[in-house]
Amino acid sequence: MSMTIVMCALLIAGILAWFAEKLRRHSARNIALMSVLVTSAYFAFAVFTSHSAVNYGQLQELVRVDWIESLHIEYALAVDYLSLVLVSLTLFLAVICILVSWHEIKEKAGFYYFNLLASIAGIIGVFTAVDMFLFFFFWEVMLLPMTALIAIWGHENKHFAAIKFFIFTQVSSLLMLVAIIAMAMLHAKQTGQLSFYYLDWQVLDLPVSLTQYLMLGFFIAFAVKLPSVPFHSWLPDAHTQAPTAGSVLLAGVLLKTGAYGLIRFVLQLFPDASANFAPFAATLGVLSILYGAKMAFAQQDFKRLVAYSSISHMGFVMLALFSFNAIAYQGAVLTLVAHGLSSAALFSLAGMIYSRIHSRNLADMGGFWQSAPRMGGFALAFAAAAFGLPGLANFVAEFLSLVGAFHVYPMLTILAALGLIGSAIYGMVLFQNSFQGSLRTPDNRQFKDLSIREFLVCSALISLLIVIGFYPSLVLVFFQTADLAQVKDVLEGATL
Amino acid sequence: MTIAMLANLLPILLVAFGIVLTLLLIAWQRSQKLILAFTLLVFISALVASISLPVHLNESVQVTPLLKVDGYGNFAFMLVLIASIAVSVLSSTWLNSAAEVHDEYFVLIQLVALGAGILVLSSHFAALFLGFELLSIALVGLAGYGRNCQYSVETSFKYLILSASASSFMLLGIAFIYSQVGSLSFAPAHVNAGYGLFYQAGMLLFLGGVAFKLSLAPFHFWTPDVYQGAPTPVTLLLATVSKVAMFIVLLKYWFSQIEVMSAHHSGEGIQSIISLLAITSMLAGNALALKQQNIKRLLAYSSIAHMGYLLIVLLIISPQSIALAWQSTLFYLSAYVLATISIFSALILTSTKQNSTSMQVIDWHGLFWHRPSLAVLIIIAVLSLAGIPLTMGFIGKFYVLNVAVQAQQWWLIASLVVGSGIGLFYYLTIIFTLFNSEQQGSYEQGLNLPVLKGIHQVSVIGLILLGVFWGVFPDTLSQLFAIQ
């Protein structure tokens, strides 16, 4: 299996789409959709054929060649189940992204699809890179087209939101870059050679007094991306101003890169330092849960409300990861998938409503159920998913996270569970204000129900949410053997 | 002087000889096209000579006590020549506007290149001062060259007076150092133990003179005015040639002193002053650029910040990391020179004849949709200056961070991170302006843009490809000056 082919195919398709749009209108979206479908098919085929032969429980190296020899930087990709699950999520949401922008993007569509595909390629790179320089490279590369998506096709306050998004991530990632360089230098000190290779770093033996600072460098970069409470303020702005596909991508996958970084790098490279830091991180997680829920309740803007709910949900991930517990770990991974689907669904819904009434303000909505019952049904289901109704994926995910975390931080977990009540409140506020009640403006009488394309998007998302909700082993089966051992290693190394 | 020495000096000799020939050519026939072609010929032949120079990096050839030809200096001279070629080519578009023949202009450019060449190869204070003055005086002439431009008198006077006072400070510093060391050579034969206060005071004055040329805060006040007032190609010359040459000579002197300093612990005071200069330059440069609307002023402030970043390489603690520091410097300077050339080319190609001193960022409004190639060039250059991956600037910054981490200069790293964060704001504003498609008032973009000629189009695309290629495969560049 070659992830390089997947990334290159997406990038080349993006360039093709850019130029094709100049020749024929609407050709860009067709090219983009085809390329994503074809690469997804290739990816699925490659995974299934290699599945029996290769154990993805461990990191499986796909390619490793020299890139910048003078600094011993390599082009190295590797995957394990975590990467595979997240890449699948990315590819699935890529299809959703293209479908929701089908009619939304009318101007400069060629360049739009180029940016969309480039940022998806960058995200896949982030999930597969194991050379830390390469990881950083992708980390930044996925950022540029994303910023362009917000800055060019965003709403009224797009420049401010895009700059804020970019500066937050860039400054925090510079801290990570310093930590990466410091790690490479330490490797040079211990073995006599610079190395940016992740697996080389794992065998280094470093004192906690040193690793706690390095860990902090990584942690801040990932906490900004996640986002966790003190670093969250870019998210509501970026989400609100981004075009629908931008929001879907941002909430669905980009936030997951932060969680992925925490799992792959912070916890596994610096187990001792993370264990020392864990109570603090878990507190941040609980703060995110409660603060996000509270702020979501107070919003009048549909997308802003969903954005704050993302902060709240990502708090569960942080709490679960830093409780160093196998069940909580499974809950965290499942939350990533479940939240990726449910937030993508809500943002798609916001986009569909926006295309009809040109407003995101809840005060302008209301009574849509009368003319759009199918859409209302889906909205209710998605809101229910967001507040964790049993039978949908988020319930299992949050339940596992809380059960796991309860063993370690009983008090914090009790507080975190209050977030569930908060989420039920803001979920109902969202649904009631938009679909129930009376029509606010007479124009809304002509509010159209779902078109076939939109129906397809919604039903794909809801069916996955239901399937995972009833049969979570679909995802969890991958995280029961090897990763458990790794978590146990971490647990034993921890001095709690 | 042997033949080998002469051969090593060939690039410089070619430029010097070229100047004389140019003067003769002016006496023979005054034609602007001819003189431009001849200037380019001189620069290109010097470039070919320095590329083919058989200098290995680890060795150096002392040519008289004054000059020392080594791989680093040679590479820096190539950078100087490339920048000079770009300046000459870009000048031709700018000079076309007037009726007179501008041959002295090209002589001055060659003089600047010669001065820079002497600077980057010098190993003696006499050579340093010679190169410094040659560079400065020719630049004063160039800065005020556009007689009819709005700020030409102010610009050249400001540059002349401040440059003269800087060089007198430097001269005094050199005298102080000489009074202690007893030799004008950078690396004196015997090093004495007890260098006193005068040595440090001399270093400080010398550093002040260099800091003026590099426009490090707080010696930066001339920079925005001169950048704005000088003709745009001359601004490019100031931003690239003069800075590269001064930085290289500073590095040469400094690294030759490292051993003296580590032996006598006299360097700590100077080191902390350099850190202070670096930190103030990074923060002040970026902070002052924030509110700039004029592109040339904005670039002036951003260059202050960049010299601040680069100053970090001076603060290595052990002589072992000198090689890495050199590599970082040369890569960073290459990235900086390429980005600056790109952005100034775009500036000249998008401005109509008169308004290049008053070009605002807003004038680039929506450029991406009208002149995509130029806009992409600007984007790559700006991203490179901001240090974002895919561009050379990122690799340069990565190198500098490597040096800083190795030397454990955490305060400098912190201010680099903060400075880059501030810097992103104005860099992104430029990029967003390029993408902005909303019409503002009656402003009709696209109609008043000059049309690109074929040759311009090709060079623009060449610059874009070069910037990205070296950003993704930096090895192809760094092996030119990396120690095998």
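Residues numbered from 1 in each chain as written. Chains lettered and ligands numbered in written order. Predicted model: local features only at pLDDT ≥ 70, side-chain atom pairs only at ≥ 80, totals over all residues.

## Brief notes about the overall build of chain A
In terms of regular secondary structure, chain A is built from 21 helices and two strands. Against the compact-globule benchmark of 23 Å for 496 residues, chain A has a radius of gyration of 22 Å, which places it among compact chains. Counting only C-alpha atoms and orienting by the principal axes, one finds that chain A spans roughly 75 × 60 × 45 Å. When burial is assessed residue by residue, chain A has 60% of its 496 residues classed as buried. (Helix = DSSP H or I, 4+ residues; strand = E, 2+ residues; numbered from the N terminus. Rg over C-alpha atoms; globule rule 2.2 N^0.38 Å. Buried ≥ 20, exposed ≤ 12 C-beta atoms within 10 Å, placed from the backbone.)

## Some details on the interface of chain B and chain A
For an interface, size is often stated in terms of accessible area lost upon the parts coming together. In this assembly, 21 residues from chain B lie in contact with 23 residues from chain A. No other element matches the nine residues that helix H17 (residues 410–435) of chain B contributes to the side of chain B that touches chain A. Of the residues that constitute the side of chain B that touches chain A, the class distribution is 14 nonpolar, six polar and one charged. (Contact = placed C-beta atoms within 7 Å. Nonpolar A, V, L, I, M, F, W, Y, C, P; charged D, E, K, R; others polar.)

## Thoughts on helix H2 (residues 27–51) of chain A
All names here are of chain A. The terminal C-alpha atoms of H2, which comprises 25 residues, lie 36 Å apart, in line with the 36 Å expected from a rise of 1.5 Å per residue. Regarding H2, the residues found buried are Ala28, Arg29, Ile31, Ala32, Ser35, Val36, Thr39 and Phe43. Where the residues of H2 are buried, they touch helix H1 (3–23), helix H3 (81–100) and helix H4 (109–128). (Expected span 1.5 Å × (residues − 1).)

## Description of the pairing of strand S1 (residues 60–63) of chain B
Residue and element names in this part refer to chain B. The pairing of S1 with strand S2 (residues 67–70) spans four bridges and is antiparallel. In the sheet register, valine 61 faces S2, and the bridge partner there is valine 69. Taken together, S1 and the strand that follows it, S2, pair antiparallel across an intervening segment of three residues, in which threonine 64 is found at a positive phi of about 55°. (Pairing = 2+ DSSP bridges.)

## Regarding the pairing of strand S1 (residues 60–68) of chain A
All names here are of chain A. Bridging between S1 and strand S2 (residues 73–79) involves seven bridges; their strand directions are antiparallel. Bridge pairing in S2 links glutamine 60 to valine 79. Count of turn residues in the S1/S2 antiparallel hairpin: four residues, of which histidine 72 carries a positive phi of about 55°.

## A few points about helix H9 (residues 222–229) of chain B
Burial within H9(B) is extensive, with six of its eight residues counted as buried. Looking at H9(B), one finds that the buried residues are Thr223(B), Pro224(B), Val226(B), Tyr227(B), Gln228(B) and Gly229(B).

## Digging into the environment of Leu367(B)
All names here are of chain B. Among the secondary structure elements, leucine 367 is positioned in helix H14 (residues 367–370). Residues leucine 367 and leucine 434, 67 residues apart in the sequence, show an inter-C-alpha distance of 5.0 Å. Setting aside anything within four residues of it in sequence, one finds leucine 367 in contact with Thr350, Leu374, Ala375 and Leu434.

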